[in-house]
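Residue-level structure breakdown
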Amino acid sequence: MNAGVFCFSGTGNTWWVSNQLAAALGRRGCPAEVYSIEKLDANDAQIIIQKSDILIFSYPVYGSFMPWPMKGFIDGLLQADEEKDIAVICTQMMFSGDGAWFYHRAFEEKGYKVKWTFHFNMPNNISIGIFPFPYTVDENKINRILKKCAGKVEKAAESISSGIGSLKGAGPASRLMGLMQRPAYVKLVRRPFNSPYSVDIEKCNLCRKCIMMCPENNIVLENGRISFGENCTLCLRCYNYCPQTAISAYGKAHDPKKPPYRGPEGFDPVKIASAKILSDFNE
Ligand SMILES: Cc1cc2nc3c(=O)[nH]c(=O)nc-3n(C[C@H](O)[C@H](O)[C@H](O)COP(=O)(O)O)c2cc1C
Ligand code: SF4
Ligand code: SF4
């Protein structure tokens, strides 16, 4: 038995969880490979699907929704030619209600049955000053969150490798929570969506890293300046990973009390935007 993990990660958390899960599955005799969906087309995906016994889809929740790149990837999948069980795993800072279960119909339409759903709490990546969510870049606190999460990942791997289904967030209370949370984020899943960013031209050195890392090709260099289009999925990658912290959100520069979130160690936002097989990038 083997597994293929289709991963979208804005700032590194979901990448980390996906790799932890792949390693935990490997220890249980189910080798797993993690793929970045950012450069995979439907044909690449089909090859991976055909060679994997179990499929896993991983993404961060954005107000109980999935990010646009992941939704586009799922919508673009070819129809399944054999029934396959899938797991959906979400990372979140606190809660999303039914963030992993909400899209089960989209998967069913493609011929996949959602057998497992899991939510993993990870550090909050919303470093934008105006948002009141608890935020930390304290290494000790982050390590505690990661340790707790790693324990949950082991349990998820046990459930997946033993074939025993587990649907977290599919109950009525979780679905109600998701239902209540989604309206606040509806703007995010409507296109066009204008990114709330602007660039401080004094700080920006035109290194173009933001252009290279954007999963939605939403950033361009025009007339000697960086500018943003209307395809933002608000993954916060450019905002957090600009080496000059030159990107402002909602007209405000980075809050010194909220330094940028740079994800678990080893995450490379430029590489994830261009790599297909994430173990290649991990090496
Ligand atoms: C636009 C946006 C919306 C988010 N909404 C939620 C949410 O509703 N609930 C939650 O617990 N975390 C929420 N988060 C936090 C992220 O889901 C969390 O930090 C996640 O692990 C980030 O994963 P990544 O590093 O792979 O992008 C949100 C983050 C962003 C950027
Ligand atoms: S990553 Fe930052 S410094 Fe580099 S081009 Fe983009 S905004 Fe400018
Ligand atoms: S513009 Fe920035 S936040 Fe928006 S999708 Fe691109 S990298 Fe993510």
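About the cut-offs
- Residues numbered from 1 in each chain as written.
- Chains lettered and ligands numbered in written order.
- Predicted model: local features only at pLDDT ≥ 70, side-chain atom pairs only at ≥ 80, totals over all residues.
- Helix = DSSP H or I, 4+ residues; strand = E, 2+ residues; numbered from the N terminus.
- Buried ≥ 20, exposed ≤ 12 C-beta atoms within 10 Å, placed from the backbone.
- Contact = placed C-beta atoms within 7 Å.
- Pairing = 2+ DSSP bridges.
- Axes fitted to C-alpha atoms, helices over the stretch in contact; angles between N-to-C directions.
- Core = buried A, V, L, I, M, F, W, Y, C linked by C-beta atoms within 7 Å.
- Near = placed C-beta within 6 Å.
- Nonpolar A, V, L, I, M, F, W, Y, C, P; charged D, E, K, R; others polar.
- Right-handed = clockwise from strand over helix to strand, strands pointing away.
- Parallel < 35°, antiparallel > 145°, perpendicular 65-115°, else oblique.
- Left-handed = near helix turned anticlockwise from the far one by under 90°.

1. Some thoughts on the environment of Gly263
- Its place among the elements puts Gly263 in the loop between β10 (247–249) and α9 (269–274).
- Since 25 C-beta atoms lie within 10 Å of it, Gly263 is described here as buried.
- Separated by 150 residues in sequence, Gly263 and Lys113 place their C-alpha atoms 31 Å apart.
- With residues near it in sequence (within four places) discarded, Gly263 still touches Thr11, Gly12 and Asn13.

2. Observations concerning helix α3 (residues 68–76)
- Within the span of α3, buried status applies to Trp68, Met70, Phe73 and Ile74.
- Those residues of α3 that are buried lie in contact with β1 (3–7), β3 (54–60) and α4 (104–109).

3. Considerations on the sheet that holds strand β2 (residues 32–36)
- Ordered by their spatial adjacency, six strands build an open sheet running β2-β1-β3-β4-β5-β6, and the pairing between neighbours is parallel. Each edge of the open sheet carries a strand with a single partner, namely β2 and β6 (166–167).
- Of the strand pairs in this sheet, strand β5 (residues 112–121) and β6 are connected by two bridges, and their pairing is parallel. Within β6, the residue paired with Thr117 across the bridge is Leu167.
- Packing of helix α5 (residues 139–162) onto the sheet brings it into contact with β3, β4 (84–92), β5 and β6, and relative to β5 it is tilted by some 160°.

4. Some remarks on the nonpolar core
- Ranked by size, the top nonpolar core spans 74 residues in total, and within it Val5, Phe6, Leu21, Ile56, Ile89 and Cys238 carry the most contacts.
- When residues no more than four places from it in sequence are discounted, the contact partners of Phe6 are Tyr35, Ile37, Leu55, Ile56, Phe57 and Phe73.

5. Some words on the site of ligand 2
- Around ligand 2, a shell composed of 13 residues is seen, among which Cys204, Cys207, Lys209, Cys210 and Cys242 lie nearest.
- Of the residues assigned to the shell around ligand 2, the class counts are nine nonpolar, two polar and two charged.

6. Here's the deal with the pairing of β5
- Here β5 lies mainly inside the structure; seven of its 10 residues are buried.
- In the sheet, β4 pairs with β5 via nine bridges, with the strands oriented parallel. Within β5, the position partnered with Val88 by the bridge is Thr117.
- With α4 bridging β4 and its parallel neighbour β5, the resulting β-α-β unit is right-handed.
- The β-α-β motif built from β5, the intervening α5 and the parallel element β6 has left-handed crossover chirality.

7. Remarks on the site of ligand 3
- With respect to spatial proximity, 16 residues lie near ligand 3, and among them Cys214, Cys232, Cys235, Arg237 and Cys238 are the closest.
- When its residues are assigned to classes, the shell around ligand 3 shows 11 nonpolar, three polar and two charged.

8. Regarding unusual backbone geometry
- Cis peptide bonds are those with omega within 30 degrees of zero, and the linkage from Arg191 to Pro192 qualifies with 0°.
- Structurally, Pro192 can be placed in the loop between α6 (172–181) and β7 (197–199).
- One non-glycine residue, Asn217, lies in positive phi territory at about 45°.
- Secondary-structure assignment places Asn217 in the loop between α7 (209–213) and β8 (219–222).
- With phi around 55°, Leu234 is a residue other than glycine that occupies positive phi space.
- Within the fold, Leu234 resides in the loop between β9 (225–228) and α8 (237–241).

9. Looking at the packing of helix α1 (residues 13–27) against α5
- Axis separation between α1 and α5 bottoms out at 9 Å; the angle between their running directions is 50°. It follows that α1 is oblique to α5 by the angle criterion. The handedness of the crossing between α1 and α5 comes out as right-handed. Contact residues: Val17, Gln20, Leu21, Ala24 and Leu25 in α1; Cys149, Ala150, Val153, Glu154, Ala156, Ala157, Ile160 and Ser161 in α5.

10. Quick look at the pairing of β4
- The buried count for β4 comes to seven of nine residues, which makes it a mostly enclosed element.
- Here six bridges tie β3 to β4, and the two strands are oriented parallel to one another. Bridge assignment links Leu55 to a residue of β4, and that residue is Ile86.
- On the question of chirality, the crossover connecting β3 to the parallel β4 by way of α3 is right-handed.

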